[in-house]
Amino acid sequence: MATDPIPSPVLSHEMVCEAETAVEALFVCTDEACGRRVVVGKGLPRLVVIDRGEFSVRHAGSLGGVVIDDVAAA
Ligand SMILES: [Zn+2]
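Residues numbered from 1 in each chain as written. Predicted model: local features only at pLDDT ≥ 70, side-chain atom pairs only at ≥ 80, totals over all residues.

1. Description of the overall build of the protein chain
Note the following rule: The numbering of helices and of strands both runs from the N terminus, where a helix is a DSSP run of H or I of at least 4 residues and a strand a run of E of at least 2. Three exposure classes are used, based on other C-beta atoms lying within 10 Å of a residue's own C-beta, which is placed from the backbone: buried for 20 or more, exposed for 12 or fewer, and partly exposed in between. The contact criterion used is a C-beta to C-beta distance within 7 Å, with each C-beta placed from the backbone.
Each helix and strand in the protein chain was counted, giving zero helices and six strands. Secondary structure elements in the protein chain, listed N-terminal to C-terminal, are β-β-β-β-β-β. Across the 74 residues that make up the protein chain, the buried fraction comes to 15%. Partitioning the contacts of the protein chain with sequence separation of at least 6, the portion at a separation of at least 24 is 32%.

2. Focus: the pairing of strand β1 (residues 12-20)
The cut-off we apply is this: For two strands to be treated as a pair, DSSP must find no fewer than two bridges joining them.
Pairing between β1 and strand β2 (residues 24-29): five bridges, direction antiparallel. Counted as the bridge partner of Ala19 is Leu26 from β2. In this structure, the hairpin formed by β1 and β2 is closed by a connection of three residues.

3. Some details on the nonpolar core
Stated formally: The nonpolar core is taken to be a set of buried Ala, Val, Leu, Ile, Met, Phe, Trp, Tyr and Cys residues joined by way of C-beta atoms within 7 Å.
Of all hydrophobic cores here, the largest spans seven residues; its members are Met15, Ala25, Phe27, Val28, Cys29, Val38 and Val40. At the level of elements, β2 and β3 (37-41) are the ones that each hand at least two residues to this core. The greatest single-element share of this core, amounting to four residues, is contributed by β2.

That's the geometry; what it means functionally is another story.
Pasting the structure below:
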């Protein structure tokens, strides 16, 4: 019998769009203690981390057609 590889709940933060241009959007973590900030490209799959925040926490967010799920990024 296989054992569950995830023994405890995975921490997760939600990111919201704070500013955007025609080509990219700035996402900020809603957890003030974390402070993760990333810039996500709209046309190209690009993600630039400005502030790493809590690196071990899963971050996800969305804005219109832009969806970020940077669990494995940067
Ligand atoms: Zn966070």
